[in-house]
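An overview of the molecular structure
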Amino acid sequence: MKQRFLALLKSPPIILALAAILAYGLLIPQLGFYWDGLAISWMGYQLGPDALTQYFSTNRPAWGVLYNFLISFIPHTPLPWHIIALFWRWLSSLAFFAVLRQLFPKAEKLALGASLLFLLYPGFNQQSVSFVYGYHFTVYTLFLFSLYTMLRTLRRPSLVLTILGMLASALNLVMGEYFFVLDLIRPVLLWFALAEIPAPKQRIKRGFSAWFPYLIIFAAGVLGRSLVFNNQVYGYSLLDNLKAAPLPALWELTKTILLSMWTTLVSAWGQAFVLPDFVLQGKVTIGIYLFILISLFLFLLSSFKENNTGDNKHQSLTLIIIGLAAMLLAGVPFWLTDLPVTLGFPANRAMLPFIFGSTLVLVGILNLIPRQTLTTILLTLLIAFSAGRQFLWVDEFRRDWRVQKNLFWQLSWRVPALEEDSAILLNEGALKFYADNSLAAPLNWIYAPETTTAKIPYMLFYPRSRFGADGAGLTKNTPLSHDFIASEWNGNSNQMLLVNFDPPGCLHIVDPALDKNNKFIADLLIRDNASFSRPELVLPEGEAVMPALYGEEPNHGWCYYYEKAGLARQFGEWDEVVRLGAQAFNAGDHPNDPTEYFPFIEGYAHTGDWAQAEQLSMSAYRVSKEYMRPMLCPLWEGIEATLPENPKNASFLMDLRATLKCD
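Presented here is a report on the structure given in the accompanying data block.

How each quantity is defined
Residues numbered from 1 in each chain as written. Predicted model: local features only at pLDDT ≥ 70, side-chain atom pairs only at ≥ 80, totals over all residues. Heavy atoms only, no water. Helix = DSSP H or I, 4+ residues; strand = E, 2+ residues; numbered from the N terminus. Buried < 20%, exposed > 50% of the residue type's maximum accessible area, 1.4 Å probe, protein only. Contact = heavy atoms within 4.5 Å. Areas by Shrake-Rupley, 256 points an atom, 1.4 Å probe, with all protein chains shown as cover. Lys, Arg positive; Asp, Glu negative; His and termini not counted. Charge placed at Lys NZ, Arg CZ, Asp CG, Glu CD. Disulfide = S-S within 2.5 Å. Pairing = 2+ DSSP bridges. Expected span 1.5 Å × (residues − 1). Right-handed = clockwise from strand over helix to strand, strands pointing away. Salt bridge = Lys/Arg side-chain N within 4 Å of Asp/Glu carboxyl O. Core = buried A, V, L, I, M, F, W, Y, C linked by side-chain atoms within 4.5 Å. Axes fitted to C-alpha atoms, helices over the stretch in contact; angles between N-to-C directions. Parallel < 35°, antiparallel > 145°, perpendicular 65-115°, else oblique. Left-handed = near helix turned anticlockwise from the far one by under 90°. Nonpolar A, V, L, I, M, F, W, Y, C, P; charged D, E, K, R; others polar. Bend = angle between axes of the 7 residues up to and from the residue. Polar contact = N/O pair within 3.5 Å; in protein donor to acceptor, adjacent residues only side chain to side chain.

With respect to the overall build of the protein chain
- Helix and strand counts for the protein chain come out as 26 helices and 8 strands.
- Along the three orthogonal principal directions, the C-alpha set of the protein chain runs to about 110 × 55 × 50 Å.
- Within the span of the protein chain, comprising 663 residues, buried residues form 56% of the whole.
- Considering only contacts in the protein chain between residues 6 or more positions apart, those separated by 24 or more positions represent 78%.
- As presented, the protein chain carries roughly 28800 Å² of accessible surface, and 62% of it is formed by carbon and sulfur atoms.
- If the 48 positive side-chain charges of the protein chain are averaged to one point and the 50 negative ones to another, these points end up 18 Å apart.

Take a look at the structure:
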């Protein structure tokens, strides 16, 4: 019984599942929606199936069909979507294993090692964008399954498998473009799969007959995209360049191809050995990371202890040739459209089709090492470190989701309601895995939860993304718009609320009078354009409704009291500001940004508590006299202008101005 259990534990499906869970699954309950997945899920669940169908109508109509089906019975919570994405990631690696077993029937350990690297490829770090990449790995699995059925039916014909394989191939070509050109790897696979046929002509004839049904499907796919569905988002810029200047275009293409090959084959695997930040990620995360490395290394080392059988040199050359051919095919869609093949987020989505070929080339190179023990150790180390690296990326996504939740909880405290057609201009850098149009989705969900129309009332922009690196596009009284395809927002640059969010500091509504000199705002475009901020867009009546997606309201710490005090200060409710201040300071908490004292300084001043107002002013001043003087002096000028004339007040203010060295 024990031996049967150990045999099951060391079976390829279980090993791949364990590696997938260790790398991607441990933190799943703490993950959220990211990047386009946040916006797409909002459209599907909030705006409805027609909106989702329309959104994908311009580039990937099959997405709308599949998502509308899944949304019909999956709740709008991240957990099930992460489970689905993990399942398809695992299944794609199992399909990859099945393909290699058809090519190398006697080399199970080699196939398993390659499949683990395929599963954990460190050039792609977006597994946690589950709503999007669950779909992509569904398509990847279909593509790999179609390769498996083609190879398997070479020697054991099966009408059922052939039909299923052709259907899977057709779905791959219809459902996406990432693996479209990669479909042409089939004749290369067939050539090596038919190696027992010595005569080249016979081998070509037999291979072509096996490829022909899939070639017909591929040709139909090309015709369909050319004639029926030709409204793709990206144009073929390479063809235009070749027509305009052939030789320079070819030279640039050559450099691009070589750079892409280096990036996907060398730099990508090197990322596996990027160690964690021991200060940022903490003891618990580091402990789990080390556990993954050590346990996976030891477990796989014992699983790989048996040597592969067969001609290692022949296997290696086969793997390298197939891999290089696959990498060249994988790059065609990106080189045609001049899209970058890089390791940065989010552009590393281009790595997806390269995983197939890059894995084969690397395993082929490792397999050339004469000593099998050394090959096994190196392979196992690479797998273990790749799993650890993926876990660390998942942890980054976990922390980014927490920051995003804090952003919107604090916004809901500070802004109970917002005037329609307003835009929020948010500083860049606090969040890593979100685009600004992604964040516009929860903004509308919170402040317009009943919206189901094609016109949405709110938008969120990053300044550089929408107005240029120097903000030159941001001008007064300029019409603004954003087309979500399924919905549209229209507004004006005169109706924007500027927001600075730089944790651990609290969310800060930019004050046009004070914050032009606020050097604690690191984003220069936010600081230099403080005059665009319109705090009056914040309405006192109403209640922001946080979706269940964001969980229970966090404990009321310093930022809660600061946001509520800022709201009360805006509407002159000074007694409320003082009450909130008493709660905040009695709780023993303190600000991470000295400007967070400001609403309380004003509150104490307007209620006559000069000692407390002066104490908080000096606390802020001592943080940095150079930074705080240009803000504290105008702050007190504003307070003085709103207070009734009183000799006692005048004396106090004169002394305070002298202390602060106000001009």
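Let us keep going from here.
Here's the deal with the state of the cysteines
- Evaluation of the coordinates by the stated rule reveals 2 disulfides.
- Across the disulfide from Cys 506 sits Cys 559; the S-S distance is 2.1 Å. Disulfide Cys 506-Cys 559: torsion about the S-S bond near -90°, hence left-handed. In this pair, Cys 506 is assigned in the loop between strand S6 (496-500) and strand S7 (508-509) and Cys 559 in helix H21 (residues 558-570), connecting sequence segments 53 residues apart.
- Overall, Cys 506 belongs to the buried group, its relative accessible area being 5%.
- Looking at Cys 559, the relative accessible area reads 17%, which means it is buried.

Here we look at the sheet that holds S7
- Read from one edge of the open sheet, 4 strands run S3-S2-S6-S7, paired in mixed fashion. Two strands close off the open sheet at either side, each with one partner strand: strand S3 (458-461) and S7.
- Sheet analysis places strand S2 (residues 422-426) next to S6, joined by 4 bridges and oriented parallel. Bridged to Leu 425 within S6 is Leu 498.

Some details on helix H9 (residues 159-175)
- The end-to-end C-alpha distance of H9, which contains 17 residues, comes to 24 Å, matching closely the 24 Å that a straight helix rising 1.5 Å per residue would cover.
- Every buried residue of H9 is listed here: Leu 161, Gly 165, Ala 168, Ser 169, Asn 172, Leu 173 and Met 175.

Concerning the pairing of S2
- Of all the 5 residues making up S2, 5 are buried; the element is thus mostly covered by neighbouring parts of the structure.
- Side chains of S2 alternate between two faces, with Ser 422, Ile 424 and Leu 426 and Ala 423 and Leu 425 buried alike.
- Taken together, the 4 bridges between S2 and S3 define a ladder with parallel strand orientation. By the bridge assignment, Ser 422 is partnered in S3 with Tyr 458.
- For the crossover that starts at S2, traverses helix H18 (residues 436-447) and ends in the parallel S3, the hand is right-handed.

Here's the deal with the pattern of salt bridges
- With the rule as written, the count across this model stands at 18 salt bridges.
- As a salt-bridge pair, Arg 186 and Asp 183 come within 3.0 Å of each other at their nearest N and O atoms.
- Residue Asp 183 is classed as buried on the basis of its relative accessible area of 1%.
- Among the salt bridges present, the one from Glu 396 reaches Arg 389, with a minimum N-O distance of 3.7 Å. Across the pair, Arg 389 and Glu 396 agree in class, each one buried.

Regarding unusual backbone geometry
- Note that the residue after Phe 345, namely Pro 346, is joined by a cis bond; omega there is 0°.
- By secondary structure assignment, the location of Pro 346 is in the loop between helix H15 (312-337) and helix H16 (354-366).
- At the junction of Pro 503 and Pro 504, the peptide bond is cis and its omega measures out at 10° in the coordinates.
- One can find Pro 504 in the loop between S6 and S7.
- You will see that Trp 35, though not glycine, has its phi angle at about 50°, which is positive.
- Of note, Trp 35 is situated in helix H3 (residues 35-47).
- With a relative accessible area of 18%, Trp 35 lands in the buried category.
- Here the phi dihedral of Asp 421 falls at roughly 70°; this positive angle occurs in a residue that is not glycine.
- Summarising the element assignment, Asp 421 is placed in the loop between strand S1 (417-418) and S2.
- Among the residues examined, Asp 421 registers a relative accessible area of 24% and is labelled partly exposed.

Regarding the nonpolar core
- By size, the foremost hydrophobic cluster in this structure holds 222 residues, and its most contacted members are Phe 356 and Trp 636.
- With 16 residues, the top contributor of residues to this core is helix H17 (residues 372-414).

With respect to the packing of helix H7 (residues 108-120) against H16
- Contact geometry for H7 and H16: axes closest at 9 Å, N-to-C directions at 135°. Comparing their axes, H16 and H7 come out oblique. The element H7 and its partner H16 pack so that their crossing is right-handed. For the pair H7 and H16, the contacting residues are Leu 110, Ala 114, Leu 117 and Phe 118 in the first and Ile 355, Phe 356, Thr 359, Leu 362 and Val 363 in the second.
- A per-class count over the contact of H7 with H16 returns 8 nonpolar, 1 polar and no charged.

A word on H15
- Spanning 26 residues, H15 covers 38 Å between terminal C-alpha atoms, matching the ideal 38 Å at 1.5 Å per step.
- Along H15, the largest kink reaches about 35° and is centred on Gly 331; proline Pro 333 follows within four residues of it.
- With its phi angle positive at about 60°, Asp 338 sits one or two positions after the end of H15.

A closer look at the environment of Thr 380
- Tracing the backbone through its elements, the reader meets Thr 380 in helix H17.
- On the accessibility criterion, Thr 380 (0% relative accessible area) is buried.
- Between the C-alpha atom of Thr 380 and that of Gly 113, which follows or precedes it by 267 residues, the distance is 7.8 Å.
- Beyond its immediate sequence surroundings of up to four residues, Thr 380 is in contact with Leu 296, Phe 297, Leu 300, Leu 301 and Phe 304.
- A distance of 2.6 Å separates a polar side-chain atom of Thr 380 from the backbone oxygen of Thr 376.

Quick look at the packing of helix H13 (residues 246-270) against H15
- Packing of H13 against H15 brings their axes to within 10 Å, and their N-to-C directions diverge by 120°. One element, H13, and the other, H15, form an angle in the oblique class. Crossing handedness for the pair H13 and H15: right-handed. Between H13, through Leu 253, Thr 256, Ile 257, Ser 260, Met 261, Thr 264 and Leu 265, and H15, the contact on the second element is made entirely by Leu 324, Met 327, Leu 328 and Trp 335.

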